[in-house]
Amino acid sequence: MEDIHLAAYVLLFFLLAVFLLRLRRRGAPSPSNHPRTTSTTAHCPYPNPILGNTLDFIRNRHRFFDWYTELLRASPSGAIEAWGPLGAGHAVTTATPADVDHLLRAGFPGYAKGGHFRDATAELIGDGLFAADGRLWSLQRKLASHAFSSRSLRRFADGVLGVHLRRGLLPSLDAAAASGRAVDLQAALRRFGFATICHVAFGVDGDTRLEEEEEALFEAFDVALEISFRRALTPATLVRRLTKLLDVGRSRRLREAVDVIDRYAMSVVESKEARHGNGDADDDLLSLFMAAMAEEEEDGVSEELGAMFPTPAAKRRFLRDVVVTFVLAGKDTTSSALTWFFWLLAANPRCERRAHQEATTDVKGKMHYLHAALTEAMRLYPPVPFNGRVAVRDDADELPSGAVVREGWYANYSAYAMGRMEKVWGEDCMEFVPERWLGEGGEFVPVDAARYAVFHAGPRVCLGKEMAYIQMKTVAAAVLRRFRVEVVAPVASMEAPPDYEMTATMKMKGGLWVRLCRREESADE
């Protein structure tokens, strides 16, 4: 079925190109706001004069991040320019720190998420923080920042993580170790991530869901995110609009997945409304947003945000978007990073031994080497491998690499490619070397966010960065102290890296299957 869809896309692009060329010959204007010019400002890899890079995109759709890495490496400036049929979907993508610094900091006001991304993700995210621009984004950002305060981080580290480790993750891994059977560690980490984000963001106990319900919900999120992400990468087509109108193909799969997600999200909202109706006061993230939407609030932010969603139905729909956004933020990001981390340790036994030693002997809990190893894992396999925005300034914007981004063009950066650039990380960029992050005294030494753009930078820097590190270090240390982890599949070798899912978060394709053995020193824990 997928091949049929791809063939239909190519045929449609070809027919559209022929039609537009005939219009041009008759003197009719082109519908493209930015037709292709003969000059270029960035490396343009192998474009077709009519279809642009569409055919190459289709051929490399299952290895998109590696394909773009190869193109960016071949570019003298570290930036490339690509486009769809007759210049549609024009994009400049970069892997240079100077360009990233410009896009995310100095030139931030000239870029936005844009209408195309909003349309591509509307059914899944709606008006949530990830798709919002302008005042709607800044109001949500201000509210969400309260949920990641120092007080919240202490409570998260001291209480929430311990509860879900003792009650969820570790018992399930203990059972797998006792039986000797292989277990999908990625799936276990995803369940743990889901439980913790539900607890922190919504005050909901994610551990109490039935396994069948949870699996159905996870599958719905996976389907909806994959389809939405692919749509965000490609121009809208008549085929897409037609499948949505007829409710067939991917459009139907997306609708069915979102229906499952909606039922969950609205159940969370309704449960929280019932608690507030009974006079119970909560200080989780969803409660903050609900308070801000209350009409009686007049603190500026609350009054303004509430006015954007004037009806009760609109307010509840927005709260649904909040729930979905933060599930996406917390469910797969840290679990993805930890999955690749454990695979990389298995492929580099020297690093595994050092991480285990630190986890068992660092009484102060600083764990600099573990912090460095997690950071190095995300350099090679960033949880969000590709990101971008749309140019909204009237005049062309020249990036430090020399690439020019015109109004309406996409400006992307690939954190995945940046981690694989010799110009950025040296000749050993493809190796797993946690020591690159340690100073002479063994302390962790960070680098500028524009060079290590895993958590973004500037006004849109990830609010949950510190919470993510706390969670990852706590989980990694607990697992390393308790178990020896033997990777069963995929093979643990730097020469044969696993495949990844082609979606917004870098999940390992097929999961990470391991056998666990309780360490003798942890037998009494």
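Note that the structure is predicted; figures quoted are calculated from it, not measured.

Q: Can you explain helix H11 (residues 249-277)? Please cite residues and give values.
A: Given a rise of 1.5 Å per residue, 29 residues ought to cover 42 Å, and the 42 Å separating the end C-alpha atoms of H11 matches this to within 8%. Turning to H11, its buried residues number three or more, namely Ser251, Leu254, Ala257, Val258, Ile261, Asp262, Tyr264, Ala265, Met266, Val268, Val269 and Lys272. Buried residues in H11 make contact with helix H8 (185-202), helix H9 (211-233), helix H10 (238-246), helix H12 (285-293) and helix H14 (312-331).

Q: Help me get a handle on the environment of Met308, residues and values and all.
A: Tracing the chain through its elements places Met308 in helix H13 (residues 301-308). Since its relative accessible area comes to 32%, Met308 is described here as partly exposed. Note: C-alpha distance between Met308 and Leu136 (172 residues apart in sequence) is 8.2 Å. Setting aside its immediate chain neighbours within four residues, Met308 contacts Arg135, Leu136 and Leu139.

Q: Account for the UniProt feature "binding site: heme" (unreviewed entry) in the protein chain, naming residues and giving values.
A: Residues annotated in UniProt with the feature "binding site: heme" (unreviewed entry) correspond here to Cys462. Checked against the element boundaries, Cys462 lands in the loop between helix H19 (422-425) and helix H20 (465-482). A relative accessible area of 31% means that Cys462 is categorised as partly exposed.

Q: Lay out the sheet that holds strand S8 (residues 410-414) in plain terms, naming residues and giving numbers.
A: Strand pairing in a sheet is mediated by backbone hydrogen bonds. Such pairs are either parallel or antiparallel. Within the open sheet, the 5 strands sit side by side as S1-S2-S8-S5-S3. Their pairing is mixed. Strand pairing shows two members of the sheet lacking a second neighbour, strand S1 (79-82) and strand S3 (111-112), which therefore form its edges. Two strands pair when backbone bridges link them, and strand S5 (residues 386-391) and S8 are joined in this way by 5 bridges, in the antiparallel orientation. Bridging across to S8, Asn387 finds its partner in Tyr413.

Q: Could you give an account of the layout of surface pockets, with specific residues and numbers?
A: For the second largest pocket, the calculated volume is near 510 Å³. Lining the second largest pocket are 25 residues, and of these Asp66, Tyr416, Pro498, Asp499 and Tyr500 lie nearest its centre. Looking at the lining of the second largest pocket, the elements that each hand over two or more residues are helix H3 (64-74), H9 and H11. With 4 residues, the top contributor of residues to the lining of the second largest pocket is H3. Among the residues making up the lining of the second largest pocket, the classes are represented as 10 nonpolar, 2 polar and 13 charged.

Q: Which residues make up empty space enclosed by the protein, and what values do they have?
A: Taken as a whole and judged by the stated rule, the model has 4 cavities of 30 Å³ or more. Considered as a void within the structure, the second largest cavity measures approximately 60 Å³ in volume. Forming the boundary of the second largest cavity are Met378, Arg379, Ala415, Met418, Gly419, Trp425, Arg451, Tyr452, Ala453 and Val454. When contributions to the lining of the second largest cavity are tallied by element, the ones reaching two or more residues are helix H17 (368-380) and helix H18 (415-418). Along the lines of polarity and charge, the residues of the lining of the second largest cavity split into 7 nonpolar, 1 polar and 2 charged.

Q: Can you lay out the pattern of salt bridges for me, pointing to particular residues and giving the numbers?
A: Taken as a whole and judged by the stated rule, the model has 33 salt bridges. With a closest N to O distance of 2.8 Å, Arg190 and Asp332 form a salt bridge. Highlighted residues: Arg190 in helix H8 and Asp332 in the loop between H14 and helix H15 (333-347), separated in sequence by 142 residues. Summarising the burial analysis for this pair, Arg190 and Asp332 share the class buried.

Q: Explain the pairing of strand S10 (residues 513-518) residue by residue, including any values.
A: Note that strand S4 (residues 183-184) and S10 share 2 bridges and pair antiparallel. Among the inter-strand pairings, Asp184 is bridged to a residue of S10, identified as Trp513. Here strand S9 (residues 483-489) runs beside S10; their pairing, made up of 6 bridges, is antiparallel. Across the sheet, Glu486 pairs through a bridge with Arg515, a residue of S10.

Q: Which residues make up the packing of H9 against H14, and what values go with them?
A: The relative placement of two packed helices comes down to the angle between their axes together with the axis-to-axis distance. Contact geometry of H9 with H14 gives a least axis separation of 12 Å together with a crossing angle of 95°. Taken together, the axes of H9 and H14 are roughly perpendicular relative to one another. Packed against H9, whose contacting residues are Phe218, Phe221, Asp222 and Leu225, the element H14 presents Val324, Val327, Leu328 and Lys331 at the interface. For the contact of H9 with H14, the class distribution of residues is 6 nonpolar, no polar and 2 charged.

Q: Tell me about the sheet that holds S4, and name the residues and values.
A: The 3 strands lie next to each other as S4-S10-S9, forming an open sheet whose pairing is antiparallel. Only two strands of the sheet have a single neighbouring strand rather than two, namely S4 and S9. Along the sheet, H20 makes contact with S9 and S10, crossing S9 at roughly 95°.

Q: Just give me the short version of H8, but keep the residues and values in it.
A: For H8, built from 18 residues, the straight-helix expectation of 26 Å at 1.5 Å per residue is met to within 8% by its first-to-last C-alpha distance of 25 Å. Of all 18 residues in H8, 15 are buried; the element is thus mostly enclosed. Structurally, the start of H8 carries an N-cap: the backbone nitrogen of Gln186 is 3.1 Å from a side-chain oxygen of Asp184. Just past H8, the residue Gly203 takes up positive phi, approximately 70°.

Q: Explain the pairing of S5 residue by residue, including any values.
A: The side chains of a regular strand alternate between the sheet's two faces. The element S5 is extensively covered by neighbouring structure, given that 6 of its 6 residues are classed as buried. As defined by bridge partners, S3 adjoins S5 across 2 bridges and the pair is classed as antiparallel. Looking across to S5, one finds that Ala112 is bridged to Val390.

Q: Mind laying out the environment of Val200, listing which residues take part and the relevant values?
A: Mapped onto the secondary structure, Val200 falls in helix H8. Residue Val200 is classed as buried on the basis of its relative accessible area, which comes to 13%. In the structure, Val200 is positioned 40 residues away from Val160 in sequence and 7.5 Å away in space, judged by C-alpha atoms. In this structure, Val200 is in contact with Phe156, Val160, Asp284, Leu285 and Met467, ignoring residues within four places of it in sequence.

Reading the values: rules and limits
Residues numbered from 1 in each chain as written. Predicted model: local features only at pLDDT ≥ 70, side-chain atom pairs only at ≥ 80, totals over all residues. Heavy atoms only, no water. Helix = DSSP H or I, 4+ residues; strand = E, 2+ residues; numbered from the N terminus. Expected span 1.5 Å × (residues − 1). Buried < 20%, exposed > 50% of the residue type's maximum accessible area, 1.4 Å probe, protein only. Contact = heavy atoms within 4.5 Å. UniProt positions renumbered as here; feature names shortened; annotations may be inferred. Pairing = 2+ DSSP bridges. 1 Å grid on protein atoms, 1.4 Å probe; cavity = no way out; pocket = protein on both sides within 12 Å on 5 of 7 lines; lining within 4 Å. Points joined across faces, edges and corners; volume = space filled by probe spheres on them. Nonpolar A, V, L, I, M, F, W, Y, C, P; charged D, E, K, R; others polar. Salt bridge = Lys/Arg side-chain N within 4 Å of Asp/Glu carboxyl O. Axes fitted to C-alpha atoms, helices over the stretch in contact; angles between N-to-C directions. Parallel < 35°, antiparallel > 145°, perpendicular 65-115°, else oblique. Polar contact = N/O pair within 3.5 Å; in protein donor to acceptor, adjacent residues only side chain to side chain.

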